[in-house]
Amino acid sequence: MEQTLSIIKPDAVKKGVIGKIIDRFESNGLRVAALKKLQLSTKDAKEFYAIHKDRPFFGELVEFMTSGPVVVIVLEGENAVAKNRELMGATDPKEAAKGTIRADFAESIDANAVHGSDSLENANNEIKFFFSKEEIL
Ligand code: CMP
């Protein structure tokens, strides 16, 4: 069993598709082990995405991720990291395979509906960023 972190981004929260996205996870063998809705501060977003701090899109990424509430979720299941990435589709929705979350709900590479951890190591760190052990059930 693995755990991974998913973030439903401000564009998808504004569109009212939280439930539809969670249904993709639950219908495909990923269990919700923890979940909360929150507003990221600029400091939070910069820290969470620190790995991208030297990329040209960093400023826009932080601005977008703080533009409205997000939903953060710990997903649990067999091969959860890879499974979640498969369900999300490519980062750029124009390149995302048919039937993936980003193909169906995302608008652009910035407003791309969801974030998902890209490795087990990052998943562990990202989960710790948002949740205490007691909150993961
Ligand atoms: P996410 O999985 O949240 O990780 C970093 C985010 O940066 C990514 O999704 C995109 O929304 C955003 N981003 C914007 N431009 C780019 C780019 N050129 N390459 C990768 N990610 C980008």
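All values derive from a computational prediction rather than experimental measurement.

Undergrad: How should I be thinking about the overall build of the chain in this particular structure?
TA: A count of helices and strands for the chain gives seven helices and four strands. Ordered by position from N to C terminus, the α and β elements of the chain give β-α-α-β-α-α-β-α-α-β-α. For 137 residues, the compact-globule estimate of 2.2 N^0.38 gives 14 Å, and the C-alpha radius of gyration of the chain, at 14 Å, lies within 12% of that figure. Principal axes of the C-alpha set define a box for the chain whose edges measure 35 × 35 × 25 Å. Accessible area for the chain stands at about 7,300 Å²; split by element, carbon and sulfur atoms hold 50% of it. Distance between charge centres in the chain, computed from 19 positive and 22 negative side chains, equals 2 Å.

Undergrad: Whenever I open this one, the site of the ligand confuses me. Can you help?
TA: Taken together, K9, Y49, H52, R55, F57, L61, T91, R102, I109, D110, N112 and H115 form the complete shell of residues around the ligand. Taking Y49, its side chain carries an N or O atom lying 2.6 Å from an oxygen atom of the ligand. Between the ligand and N112, the relevant distance is 3.2 Å, taken from an oxygen atom to a side-chain nitrogen or oxygen of the residue. Across the complex, the protein chains shield 79% of the 450 Å² of accessible surface that the ligand would expose by itself. Structurally, the ligand is housed in the largest pocket. The residue inventory of the shell around the ligand, partitioned by class, reads four nonpolar, four polar and four charged.

Undergrad: Would you mind going over the sheet that holds strand β4 (residues 114-116) with me for this structure?
TA: Either a parallel or an antiparallel arrangement is found when strands of a sheet pair, and the pairing is made through backbone hydrogen bonds. Taken in spatial order, the four strands make up an open sheet running β2-β3-β1-β4, and their pairing is antiparallel. The open sheet is flanked by β2 (31-38) and β4, the only strands paired with a single partner. Each adjacent strand pair in this sheet contributes to an overall mean axis angle of 20 degrees, direction not counted. Strands in contact with helix α5 (residues 80-88) are β1 (2-8), β3 (70-77) and β4; relative to β1, the strand with the most contacts, it is inclined by about 30 degrees.

Undergrad: Mind showing me how you'd approach the layout of surface pockets here?
TA: Leftover empty space is mapped by rolling, across the atoms, a probe with the size of a water molecule. Of the pockets and cavities examined, the largest pocket occupies roughly 640 Å³. Together, 26 residues line the largest pocket, and Y49, H52, F57, L61 and H115 are the ones closest to its centre. Elements represented by at least two residues in the lining of the largest pocket include exactly α3 (42-48), α4 (58-65), β4 and α7 (120-130). A total of four residues in the lining of the largest pocket trace back to one element, the largest contributor, which is α7.

Undergrad: It is not clear to me how the side chain of E126 should be interpreted in this structure. Could you clarify?
TA: With respect to the secondary-structure elements, E126 resides in helix α7. No salt bridge is formed by the buried E126; the nearest opposite charge belongs to R85, separated by 7.8 Å. In this structure, E126 is in contact with L5, F48, H115 and S117, ignoring residues within four places of it in sequence.

Undergrad: Sorry if this is basic, but what is going on with the environment of S132 here?
TA: By the secondary structure assignment, S132 is in the segment after α7. Under the relative-accessibility criterion, S132 is labelled partly exposed at 30%. Note: C-alpha distance between S132 and K43 (89 residues apart in sequence) is 19 Å.

Undergrad: Explanation requested: the nonpolar core in the structure shown.
TA: Across soluble globular proteins, nonpolar side chains show a tendency to be buried alongside one another. Counting 20 residues, the largest nonpolar core has L5, I7, M65, F130 and F131 as its most contacted members. Within the residue set of this core, elements represented by two or more residues are β1, β2, α3, α4, β3 and α7. Of all the elements, α4 adds the most residues to this core, at five residues. In terms of nonpolar packing, the next biggest core, distinct from the first, is built from 19 residues, I22, L30, I73 and I101 among them.

About the criteria used
- Here the residue numbers are simple positions, counted from 1 along each chain's written sequence.
- Local features in this predicted model are restricted to residues of pLDDT 70 or higher, and side-chain atom pairs are both shown and tallied only at a pLDDT of 80 or more, whereas totals for entire chains, interfaces and linings draw on every residue.
- Note that water and hydrogens are dropped before the side-chain values are worked out from all heavy atoms of the structure.
- Numbering of helices and strands starts at the N terminus; helices are DSSP runs of H or I of at least 4 residues and strands are runs of E of at least 2.
- Each radius of gyration reported is based on C-alpha atoms, and the globular scaling rule is 2.2 Å times the count of residues to the power 0.38.
- Residue exposure ignores everything except the shown protein chains as possible cover, and the areas themselves are Shrake-Rupley values with a 1.4 Å probe.
- Residues scored as positive are Lys and Arg, those scored as negative are Asp and Glu, and His as well as the terminal groups of each chain are ignored.
- For charged residues, the charge sits on one atom: NZ in Lys, CZ in Arg, CG in Asp, CD in Glu.
- Residues are classed as near a molecule or strand on a simple rule: at least one heavy atom within 4 Å of it.
- Pairing of N or O atoms within 3.5 Å defines a polar contact, subject to two protein rules: one partner must be a possible hydrogen donor and the other a possible acceptor, and residues neighboring in sequence count only if both atoms are side-chain atoms.
- Put simply, the grid is 1 Å and covers the protein atoms alone, a cavity is a trapped set of points that fit a 1.4 Å probe, a pocket is an open set with protein on both sides within 12 Å along at least five of seven lines, and lining residues have an atom within 4 Å of a point.
- A pocket or cavity is taken to hold a molecule when more than half of that molecule's atoms are within 2 Å of the pocket's grid points.
- Residues are grouped as follows: Ala, Val, Leu, Ile, Met, Phe, Trp, Tyr, Cys and Pro are nonpolar; Asp, Glu, Lys and Arg are charged; all remaining types, including Gly, are polar.
- By the convention used here, strands pair only if DSSP detects at least 2 bridges between them.
- In this analysis, axes come from line fits to C-alpha atoms, helices being fitted only over the stretch in contact, and the angle between any two N-to-C directions falls in the range 0 to 180 degrees.
- In this analysis, two residues are considered to be in contact whenever any of their non-hydrogen atoms come within 4.5 Å of each other.
- Grid points are joined across faces, edges and corners, and a volume is the space filled by probe spheres set on the points.
- A simple rule labels every residue: compare its accessible area, found with a 1.4 Å probe on the protein chains alone, to the largest value its type can have, and call it buried under 20%, exposed over 50%, or partly exposed in between.
- Criterion for a salt bridge: a side-chain nitrogen of Lys or Arg within 4 Å of a carboxyl oxygen of Asp or Glu.
- Buried Ala, Val, Leu, Ile, Met, Phe, Trp, Tyr and Cys residues that are joined via side-chain atoms within 4.5 Å together make up what is termed a nonpolar core.

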